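Architecture and fold: a report
What follows is each chain in one-letter form.
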Amino acid sequence: MSHSIARVDDLGATAHDRSVATVSAEVLPLVQRGWIQSPSWDLFWMFSALWAGALLLGFSLVLPAMGVALIFLSLNRFLSVFHAWSTTFMVLGSSLFAAERRSNPRRYVVIPALIAFFSLLLGLYVAAAQRYPEDGQFSWALWPWGLYLAVFWVGHFWHFGNQDFGVLTLYRNRAGQSRLLDRRADKLYTAAMMYLIQPIVYFSIVKTTAISEIAHTLLPLSFAVMNIAAQIALGAAIFLALAMLAFELSKPARSLPKLLYILVIAVHPTFLYFSVQAGSTTLAAMYALAYLWSHWFIAIGLVARINTSYYRSRGDARWISILRHAALLLMIVGVVFVLTEHYQPYLLFNTDRFYYKELLASISPEQAVVIGLVLGFFLGEQLIHYYCDRCLFRLRSPAVRRSVVPHLLG
């Protein structure tokens, strides 16, 4: 999510930045009219963390917790691919962006191609040359493997944090909260939560993924110290959330969706910490729903809104536009699954229990090219998605305002 509305932050900036006053004049009135006009639409797509969590808890009353978790988590791969390719398709393949691709090939062709080339090259090198030594310890000789993971994870936290800020910005503008202080508070909250607190909690308590092992190697602190750091970060998260809730409630034009989403953001490090500490499958599933599903549904919903509105503007009926959009994305997802499902174990960004070491060691010279291309594809899929999200919602761009904004109202 993909940061599916990451560049909606431009709206908040334009209200106070004379250099982009034109953007504010064109776009802000549209936002205040309400992009998302149906509360049920908001609830389903923007607040899946709430209804999905409630469903999981409800099912847990009649089914074993592990079974319920598996039912929900079995959809993770599908939703992840669907959300990633939603924005990638819109920017690189949709008719809506065809004119922009022709007028700005550097942004829409050259840069994505360079990202893909870098990802494939790095994947090939990792598959061909990166093996852990006999002692199983990470070393500087494995820096390409570290780079492979780092670009994904740095992008991940940036990507998620920008989406959180974008959601708050959307609802801030809908509520008519136009003060610079309002924007700065939202920016500070989302930046602190996703760029600082979430990584601290993750790296402090998650110990056996590849990126965690690398972080612990480069920053050799004891697990006791790291656990204290996680507790401090969690305390800071709760304090910031309460402060943001109090600040929002103090406003004459307070926003209920903002209040709810402030809580959703606070749930991320809270559920992560306690699910690991308590060893709770239910809490782990709740964390996945609040963190991942929320992100994915926002991306899927907003892109669907844009593309179906575009199809309707070209003469399609409402249900035809929905079916047409769904069919295109399902076809793309199907192709991705056919090409990659056999190689899913090599989706190494979250591989746990040090299994990634065995997988790297098992790559034979004969397999290196194929596995390298797979590793490169998995990385490129994510990095291009991050980039395309930024392109799709970069509302300072006149081309994006012309192409996207009218259909967000559709």
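Values in this document were obtained by computation on a predicted structure and should not be read as measured data.

Now for the nonpolar core. Grouped together as the largest cluster of nonpolar side chains are 107 residues, with contacts concentrated most on Trp 145, Tyr 148, Tyr 189 and Leu 392. Per-element tally for this core: the top contributor is helix α14 (residues 281–313), with 16 residues. Apart from the residues within four sequence positions on either side, Tyr 189 is in contact with Leu 168, Leu 240, Ala 241, Met 244, Ile 262, Ile 265 and Ala 266.

Moving on, we get to the pattern of salt bridges. All chains considered together, the criterion is met by ten salt bridges. It is possible to trace a salt-bridge network through shared partners that takes in Arg 172, Arg 179, Asp 182, Asp 186, Glu 248, Lys 251 and Lys 258.

Let us look at the state of the cysteines. Inspection of every chain in the model, using the stated rule, returns zero disulfides. Note on Cys 388: no disulfide assigned, nearest cysteine sulfur contributed by Cys 391 at a separation of 5.8 Å. Under the relative-accessibility criterion, Cys 388 is labelled buried at 0%. Look at Cys 391 and you get buried, because its relative accessible area is 5%.

This part covers the confidence of the model for the protein chain. The pLDDT averaged across the protein chain works out to 88; a share of 89% of its residues lies at or above 70. By mean pLDDT, the top-scoring element of the protein chain is helix α8 (residues 105–129) (97), and the lowest-scoring one is helix α1 (residues 9–14) (42). The low-confidence segment residues 1–27 (pLDDT under 50) makes 91 contacts with residues lying over four places distant or belonging to another chain.

On to the packing of aromatic side chains. Applying the stated criterion across every chain, the model contains 28 aromatic pairs. Between Phe 47 and Tyr 261 the ring centres are 6.2 Å apart and the planes differ by 70°, which places this aromatic pair in the edge-to-face class. Residue Phe 47 is found in the loop between α3 (39–46) and α4 (48–60), and its partner Tyr 261 is found in helix α13 (residues 256–278); the two are separated by 214 residues along the sequence. On the basis of an interplanar angle of 20° and a centroid distance of 6.4 Å, the ring pair of Trp 85 and Phe 377 is categorised as stacked. A residue pair is termed long-range when its members are at least 10 positions apart, and Trp 85 in helix α6 (residues 76–92) and Phe 377 in helix α17 (residues 368–392) qualify at 292 residues. Overall, the relative accessible area of 27% leaves Phe 377 in the partly exposed class. Through pairs of rings, three or more aromatic residues link up here, namely Tyr 132, Trp 145, Tyr 148, Phe 152, Trp 153, Phe 157, Tyr 202, Phe 203, Phe 349, Phe 354 and Tyr 356. Seen from the ring of Phe 337, Arg 77 lies directly overhead, with NZ or CZ sitting 5.5 Å from the centre. A cation over an aromatic ring shows up here: Lys 357 above the ring of Tyr 132, its NZ or CZ 5.0 Å from the ring centre.

On the surface, a nonpolar cluster with roughly 610 Å² of combined accessible area is contributed by Leu 55, Phe 59, Leu 61, Val 62, Leu 63 and Ile 71. If you trace the backbone, Val 62 turns up in the loop between α4 and α5 (65–73).

Conventions and cut-offs
Each chain has its residues counted from 1, running along the sequence as written. With the structure being a predicted model, the display of local features is reserved for residues of pLDDT at least 70 and the display and counting of side-chain atom pairs for 80 or more, all residues being used for whole-chain, interface and lining totals. For the side-chain quantities, the full set of heavy atoms in the structure was used; hydrogens and water were omitted. Working definition of a nonpolar core: buried Ala, Val, Leu, Ile, Met, Phe, Trp, Tyr and Cys residues. They are joined through side-chain atoms within 4.5 Å. The rule is simple: take the accessible area with a 1.4 Å probe, protein chains only, and divide by the maximum for that residue type; under 20% is buried, over 50% is exposed, in between is partly exposed. Note on conventions: DSSP H or I runs of at least 4 residues are helices, E runs of at least 2 residues are strands, and numbering of each starts at the N terminus. Note on definitions: a residue-residue contact is assigned when non-hydrogen atoms from the two residues lie within 4.5 Å. What counts as a salt bridge is simple: a side-chain nitrogen of Lys or Arg found within 4 Å of a carboxyl oxygen of Asp or Glu. The definition used for a disulfide is geometric: two cysteine sulfur atoms within 2.5 Å. Confidence scores labelled pLDDT are given residue by residue by the predictor and lie between 0 and 100. Ring pairs are drawn from Phe, Tyr and Trp, using the six-membered ring of Trp, whenever the two centres fall within 6.5 Å, and their geometry is named by plane angle: stacked under 30 degrees, edge-to-face over 60, tilted for the rest. Put simply, a charge is over a ring when the Lys NZ or the Arg CZ is close to the ring centre, within 6 Å, and near the line of the ring normal, within 35 degrees. To count toward a patch, a residue needs a relative accessible area over 30% and no salt bridge; like charges are then connected within 9 Å, while nonpolar side chains (Val, Leu, Ile, Met, Phe, Trp, Tyr) are connected within 5 Å. Here, Shrake-Rupley sampling with a 1.4 Å probe gives the accessible areas, and only protein chains in the shown set may cover a residue.

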